Amino acid sequence: MHNKNKSHQTGDGFQNNYPNGPRGSFWKWQLERWEKGLPKIPEGGYHFELLQPDVARLKANRTEPTLTWIGHATFLLQLSGVNILTDPHLTERASPLDFVGPKRVVAPAIEFRNLPHVDVVVISHNHYDHLDRETVRRLAAQTAGSPRFFVPLGLKAWLAGQGIRDVTELDWWDEADFKGLKFTLTPVQHWSSRTLWDRDKTLWGGWVVEQPAFRFFFAGDTAYSPVFKDIRSHFGFIDLAAIPIGAYEPRWFMSIMHANPEEAVKIHQDLHARYSVAMHWGTFILTDEPLDEPPHKLAEARRAASISTEEFFLMKHGETRKLAPMFRAPAEADSSGTKVPTQ
């Protein structure tokens, strides 16, 4: 796997293209939480609106481009007649155990039985809130056959261990064509681990899914760094970017791995994204900010940057958006940006 000509491959794992800065102590964070108390949950809990998607229409749809937010980092993207799931998580907990660990505050907007046939799954990295074992196993066992799984380096072997064989594994900037779409793995600023002993042994990344008139970027999970300017240089611009806005406090610990809403706006700008949609909030309590805070902080950051709610928008759980208005005009459809070295 190791390619000595690629600086993000270290010989025994992977590293970011840009230095992270010092890594904070997880145990210091837990001690801080113990001393100050865990994040307070409002009396009566959180209440987020959960829409009921038109599942019959989604199942029948093979022509209209749409995006449905199922929750957290899971979207159903319908593009060029292809059904794509991003970081699918449809179970109760983001945890290696089914009885402890972060529990969903909002149920998945679409249950397994109501999903259309999934053609493609893109996985950004192996953290439990992004790569859920039961979910991918059930998707691979869907009646009409397994979807094609697109994963970063190192995850093909893990999926094979789950009995999943229809897998394409890519390095940063590698491309693959499937069902008329192009899939490119891009760098983002993050890390990987599923145990105490495998930190950064598998790669992480974002995904660009494109057809001639539309380019979708899924950031997965990321901190802010100059890497998004590199993505802009590579592609020229992004039509729609899915950018994380939650799981950012305390900053002394989380800033090297999770963008806050202000940084999410910077990512939107660095990508030269025509539109962006917020994700990675309102589903699991992972960190110390109130679960309903990110949208308010995003609104403040948008106002400060003079970015409209249409340009960087929020979706409700279960909401479906029609994407055709975001498609480029035919005269713009061949714009592909300037390629940069794949180091």
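Counting restarts for each chain: residues are numbered from 1 in the order of the written sequence. In keeping with the predicted nature of the model, local features appear solely for residues at pLDDT of at least 70, side-chain atom pairs appear and are counted solely at 80 or more, and the whole-chain, interface and lining totals rest on all residues. Excluded from the side-chain calculations are hydrogens and water; all other atoms, namely the structure's heavy atoms, are used.

Asks: Account for the overall build of the protein, naming residues and giving values.
Replies: A tally of helices and strands in the protein yields eight helices and 14 strands. The globule rule used here is 2.2 Å times the number of residues to the 0.38 power, and the radius of gyration it is set against is calculated over C-alpha atoms. Computed over the C-alpha atoms, the radius of gyration of the protein is 19 Å, within 12% of the 20 Å expected from 2.2 N^0.38 for a compact globule of 343 residues. With respect to the principal axes defined by its C-alpha atoms, the protein has extents near 60 × 50 × 50 Å. Only protein chains enter the accessibility calculation, which uses a 1.4 Å probe. A residue is then buried if its area is under 20% of the maximum for its type, exposed if over 50%, and partly exposed in between. By the burial criterion, 55% of the 343 residues in the protein qualify as buried. Contact between two residues is taken to exist if any of their heavy atoms lie within 4.5 Å; hydrogens are not considered. In the protein, the proportion of contacts linking residues at least 24 apart, taken out of those at least 6 apart, comes to 71%. Surface accessibility in these figures is a Shrake-Rupley result with a 1.4 Å probe; residues are shielded only by whichever protein chains are displayed. Of the accessible surface of the protein, which amounts to about 15000 Å², a share of 52% is contributed by carbon and sulfur atoms. Treating the 39 positive side-chain charges of the protein as one cloud and the 41 negative ones as another, the clouds have centres 3 Å apart. Counting from the N terminus, the helices are DSSP H or I runs at least four residues long and the strands are E runs at least two residues long. Only four residue types enter the tally: Lys and Arg on the positive side, Asp and Glu on the negative side; His and the chain ends are excluded. Charge positions are represented by NZ for Lys, CZ for Arg, CG for Asp and CD for Glu.

Asks: Lay out the nonpolar core with the relevant residues and their values.
Replies: We call a set of buried Ala, Val, Leu, Ile, Met, Phe, Trp, Tyr and Cys residues a nonpolar core when their side-chain atoms join them within 4.5 Å. By size, the foremost hydrophobic cluster in this structure holds 60 residues, and its most contacted members are Leu67, Phe183, Phe217, Leu240, Leu271 and Phe312. Per-element accounting of this core gives the leading share, five residues, to strand β11 (residues 238-244). Once residues within four sequence positions are removed from consideration, Phe312 is found in contact with Ile243, Ile245, Ala264, Val265, His268, Ser276, Val277, Ala278, Leu298, Arg302 and Ile307. Of all hydrophobic cores here, the second largest spans 20 residues; its members include Ile110, Phe149, Ile164 and Val167.

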